Amino acid sequence: MNQSQAHAILFTPTRIGGVPLKNRVALAPMTRTSAEEDGRPTDEMARYYARFARGCYSLVITEGAYPDEASSQGYRDQPGIANPAHVEAWRRVVDAVHREDGRIFIQLMHAGALSQGNRYTDETIGPSAVKPVGAQLDLYGGHGDFATPRSMTADDIRAVVDGFVQAARRAREAGFDGVEIHGANGYLLDQFLSDYTNQRTDEYGGSTENRVRFLVEVIGAVRAEVGDGYPVGIRISQGKVNDYDHKWAGGERDAELIFTRIASAGPAFIHITEYDATRPAFDAGETLAELATRHARVPVIANGQLGAPERAESLIANGHAEVITLGKSALANPDWPRRVMAGEPIEEFDFSVLQPQANIKEHEL
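All of these numbers come straight from a predicted model, not from anything done at the bench. Numbering of residues begins from 1 in every chain and follows the order in which that chain's sequence is written. The predicted nature of this model means local features are confined to residues of pLDDT at least 70 and side-chain atom pairs, given and counted, to a pLDDT of 80 or more, with totals for whole chains, interfaces and linings taken over all residues. Computation of side-chain values covers all heavy atoms of the structure but excludes hydrogens and water.

Some details on the overall build of the protein
So, step 1. Think of it this way: any DSSP run of H or I at least four residues long counts as a helix, any run of E at least two long counts as a strand, and we number them from the N terminus. On a plain count of helices and strands, the protein comes out with 12 helices and 12 strands.
So, step 2. By the compact-globule yardstick of 21 Å for 365 residues, the protein fits well, its C-alpha radius of gyration being 19 Å.
So, step 3. Burial status follows relative accessibility: with a 1.4 Å probe on protein chains alone, a residue under 20% of its type maximum counts as buried, one over 50% as exposed, and anything between as partly exposed. When burial is assessed residue by residue, the protein has 60% of its 365 residues classed as buried.
So, step 4. Of all intrachain contacts in the protein linking residues separated by at least 6 positions in sequence, the fraction that spans at least 24 positions is 72%.
So, step 5. Positive and negative side-chain charges in the protein, numbering 37 and 51 respectively, have mean positions lying 3 Å apart. With C-alpha atoms as the basis for the radius of gyration, the globule rule is written as 2.2 Å multiplied by the number of residues raised to the power 0.38. Contacts: residue pairs with any heavy atoms within 4.5 Å of one another. In summary, the charge assignment counts Lys and Arg as positive and Asp and Glu as negative, without counting His or the chain termini. Here the site of a charge means atom NZ of a Lys, CZ of an Arg, CG of an Asp or CD of a Glu.

Encoded structure:
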């Protein structure tokens, strides 16, 4: 049996939100800080994303793009989808991926309290005035402690929801095949979900059901704007870029409630990211991808240490994921799907490709 036969399940076609995918391998969203200062994607970014489609990744999910010209930007040189100029620039990226027979979703990201570079404002906002743990990320151009955010008002919450809605509309105008709402890794939506960053006493704070409310409202509002025929998904994690080891305090009870409530908003998929997607989500038991599949009953995309083909295949074969995404392994192997199909060796990731900052370098194009 050759390598491609051994891992044939990875290369069976599927659909996410009605979008046909030629295989089960997708590119994970990765912050690259490579846009113009004003947030317009560059020609280098178009070549970067097209390379993965050319390497047989069926779906490309972009780095997080900020949705509004207020408080959402997280890093200097982060791309936006906040104005018509951004839309026009993204069209070149979308067209480049489509020419390589790939599909592309844009990730919509509001950094909230984890913003460490915003050309529109020096203020950060969050669910509560709680200073984020850890330090800013040198990799993304930050340094020193995070600022303490301003606690969001009801008007702020409505404005952020509308920002996601308008960004999704612009994404559809730019030709993207779908959108992924970033609800993971410690950014704004995850700040509402996390008990220690959300100390609100209104309907958005306190119980897990209240803390997941904001995520559900964002998904529902975006769905209402773009319609049922346009895929809208959400990315979820426990760990954060500034708190890798965080776990939901309620364990599997929290997972059931969170995924059930998210599913009620009608997402086309849930994208789970964990340090290792094949390990139990808590001390024992099921993986987070398995819990999402069981409780949400929508297609699950899984991410986390899946660069070995047998590990990626196991989640799909067991019915715990519909698609897997690769991050570091994709940077090392922009043609990972083609290599696996051909039985060729997989290269190890060299962290130096992200140094001194996580931007796009010519040797990656």
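Observations concerning the packing of helix H7 (residues 213–226) against helix H8 (residues 251–264)
So, step 1. In contact at an axis separation of 8 Å, H7 and H8 are set at 25 degrees when each is read in the N-to-C sense. By the angle class used here, H7 and H8 are roughly parallel. The two elements H7 and H8 cross, and the hand of that crossing is right-handed. Contacts from Leu215, Val216 and Ile219 in H7 reach Arg261, Ile262 and Ser264 in H8.
So, step 2. Classifying every residue of the contact of H7 with H8 gives four nonpolar, one polar and one charged. Axis lines are fitted through C-alpha atoms, for helices just across the contact stretch, and the angle between N-to-C directions can take any value from 0 to 180 degrees. Note on angle classes: values under 35 degrees are labelled roughly parallel, values over 145 roughly antiparallel, values of 65 to 115 roughly perpendicular, and the remainder oblique. Crossing handedness follows the turn of the near helix against the far one: under a right angle anticlockwise gives a left-handed crossing, and clockwise gives a right-handed one. Think of it as three bins: nonpolar holds Ala, Val, Leu, Ile, Met, Phe, Trp, Tyr, Cys and Pro, charged holds Asp, Glu, Lys and Arg, and polar takes everything else, Gly as well.

As for the sheet that holds strand S9 (residues 232–237)
So, step 1. Whether two strands pair depends on DSSP finding at least two bridges between them. Reading around the circumference, S3-S4-S5-S8-S9-S10-S11-S12 is the order of the eight strands in this closed barrel, with parallel pairing throughout. The average angle at which neighbouring strand axes cross in this sheet is 25 degrees, direction not considered.
So, step 2. With five bridges joining them, strand S4 (residues 59–65) and strand S5 (residues 103–108) adopt parallel strand pairing. Residue pairing for S5: Gly64 is matched across the bridge by Gln107.

Remarks on the pairing of strand S12 (residues 323–326)
So, step 1. The two faces of S12 match: Val323 and Thr325 on one face and Ile324 and Leu326 on the other face are all buried.
So, step 2. The sheet contact formed by strand S11 (residues 300–303) and S12 spans three bridges and is parallel. By the bridge assignment, Ile301 is partnered in S12 with Val323.
So, step 3. By definition, the crossover connecting two strands over a helix is right-handed if that path, from the first strand to the second, turns clockwise as seen with the strands pointing away from the viewer. At this point the chain moves from S11, through helix H10 (residues 309–317), to the parallel S12, and the crossover so formed is right-handed.

Treat this as a map of the structure, not an account of what it does.
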